[in-house]
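Examination of the molecular architecture
The lines below spell out each chain.
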Amino acid sequence: MAEESSLPEHDRISLFVDRTTALLDLGEESGWEGAAALMRLAAAGHLHPRVAVQVARGALNIGNAGMRWGRPEHAGSGLAAAVELAERHDYVRVRDTALVTLVHLDLLGGAWHGLAERAAAWQDVPEEPLLRLDALLVSSALRVAVRGPDPQVEADLRQVAAEGERRGIVDLWLEPVAALATLRLAAGDARAALDLTAAPMRLVTVKGLWLWATDVAPPHVAALLAAGRTAEARTLVERFAAAERERRAPAPHAALLACTALLTEAGHDAEAAARDWLAAASAWGRVPRPYEALRARERAAACLRAAGNRQAAVRETEAVIAGYAALGASHDEQRARRTLTGGGRGYGDQLSPRELEVARLVAEGLTNRQIAEALSRSPKTVAAQLNSAMRKRGVTTRTALAISLTHPPALNLE
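Residues numbered from 1 in each chain as written. Predicted model: local features only at pLDDT ≥ 70, side-chain atom pairs only at ≥ 80, totals over all residues. Heavy atoms only, no water.

Once that is clear, we can look at the packing of helix α10 (residues 170-186) against helix α11 (residues 190-207). Relative orientation of the contacting elements α10 and α11 amounts to 155°, with a least axis distance of 8 Å. One way to sum up the angle between α10 and α11 is to call them roughly antiparallel. Of the two elements, α10 crosses α11, and the hand of that crossing is left-handed. Residues Val 170, Trp 173, Leu 174, Val 177, Leu 180, Ala 181, Arg 184 and Leu 185 of α10 form the contact with α11, whose own contacting residues are Ala 190, Ala 192, Ala 193, Leu 196, Thr 197, Ala 199, Pro 200, Leu 203 and Val 204. Residue composition of the contact of α10 with α11, grouped by class: 15 nonpolar, one polar and one charged. (Axes fitted to C-alpha atoms, helices over the stretch in contact; angles between N-to-C directions. Helix = DSSP H or I, 4+ residues; strand = E, 2+ residues; numbered from the N terminus. Parallel < 35°, antiparallel > 145°, perpendicular 65-115°, else oblique. Left-handed = near helix turned anticlockwise from the far one by under 90°. Contact = heavy atoms within 4.5 Å. Nonpolar A, V, L, I, M, F, W, Y, C, P; charged D, E, K, R; others polar.)

Here we come to the side chain of Thr 205. Mapped onto the elements, Thr 205 comes out in helix α11. Sequence-distant contacts of Thr 205, defined by excluding residues within four places in its chain, comprise Trp 210, Leu 236 and Arg 239.

So, on to helix α4 (residues 49-69). The end-to-end C-alpha distance of α4, which contains 21 residues, comes to 30 Å, matching closely the 30 Å that a straight helix rising 1.5 Å per residue would cover. The element α4 is extensively covered by neighbouring structure, given that 15 of its 21 residues are classed as buried. Directly after α4, the chain includes Gly 70, whose backbone phi takes a positive value near 85°. (Expected span 1.5 Å × (residues − 1). Buried < 20%, exposed > 50% of the residue type's maximum accessible area, 1.4 Å probe, protein only.)

All right, on to the confidence of the model for the chain then. When pLDDT is averaged along the chain, the result is 89, and 93% of the positions lie at 70 or above. Residue range residues 407-414 is modelled with pLDDT below 50. Its contacts to residues more than four positions away, or to other chains, number 17 contacts. (pLDDT = per-residue confidence, 0-100.)

What follows concerns the environment of Arg 315. The topology assignment puts Arg 315 in helix α17 (residues 310-327). What makes Arg 315 partly exposed here is its relative accessible area of 38%. With 14 residues separating them along the chain, Arg 315 and Ala 301 place their C-alpha atoms 8.2 Å apart.

As a further point, take the state of the cysteines. All chains considered together, the criterion is met by zero disulfides. Not engaged in a disulfide, the cysteine Cys 259 finds its nearest cysteine sulfur in Cys 303; these two sulfurs lie 15 Å apart. Residue classification places Cys 259 among the buried residues on the basis of a relative accessible area of 0%. Classification of Cys 303 as buried rests on a relative accessible area of 4%. (Disulfide = S-S within 2.5 Å.)

Before going further, it helps to spend a moment on the nonpolar core. Among the nonpolar cores identified, the biggest contains 61 residues, and Met 201, Val 204, Trp 210, Val 221, Phe 240, Trp 277 and Trp 284 are the most heavily contacted of them. Of the residues forming this core, the biggest block, nine residues, is contributed by helix α14 (residues 250-266). The contact partners of Val 221, leaving out residues within four places of it in the chain, are Ala 233, Leu 236, Val 237, Cys 259 and Leu 262. Residues Ala 35, Val 55, Ala 59 and Ala 82 belong to the second largest nonpolar core, which totals 33 residues. (Core = buried A, V, L, I, M, F, W, Y, C linked by side-chain atoms within 4.5 Å.)

Listed below in structure tokens is the structure:
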């Protein structure tokens, strides 16, 4: 310690940044104490340039850790501080890394408007391969949600995963692997999903880095269950739960609840599985990762239908479809319409019960905010349901929608 105190200030700050980052990467809550001290330094101003670059680097690491832990307040403030300090002192690499991480944060946080264009811009920076890879990961995830999987998007995800593994960048390996495994599971190929997730999951368990299980654990557990390896899946979830109790990071906690829901669903208790999926959805919503929350609610709706709880299934179906529409996940919206309404045309050109409620209140002259208050929904959900109703009726104004409500069609989920 005496030797360290004799070091120049920028070297001491550099060591402090490295220690704080290491603690956060290991999922240690104590790392946030160092993060708070670094953020106070970032806000102080008038830093020596050699100190400022270390503080900017620390703020960037705090922002990335906040994103991975599921703590958006740390993510946003850390990345904003990194950008501000880096721009002030012309640290281009730190600034650009923080800006690309903000793109990734917006992907997870559901701020998708204009995101595809922002991600695409970073794919044209050949001198920064890591930034290009992160941007390609964001673009691939968006393309799956908006247009659906295709050979090119899978090739792009494999490229990112291979480079992440080769470079030893854990999150740049695990996240695309999880996305690929999810696609393989949807295609009914549990073996491929297991092959993809086995090595990353082994790294998590051997190293005890359960913070990194957030993305890869749910598809790995799903693949184990699909392969009939239920006992192995249960043991893995128990180990995940034991580790998570010590740290209680929001994102891994939500992933653990999703794993628990998978186990319950595999036990053929549809009502209990629906409750577990709704608990996972609620946890994802608090992170927030709205896309993951919607996918969990979609599973809950399917379980409710299997349990014969038609009214609750319709309620969740409506929320899922409206949520995907508001987010811009067109492919998921259409899939949800097909699978959650019996596999047929969905609602087609008919208004669903909740769209009809919104349309009738529009006809009464209420604003979106007033409708949201009247129906106990979010304004974003109301806006999505209103847009869907207008699209189905082929109108572009609220007045025209109101006029069209002469013979509202009935909903048929059978």
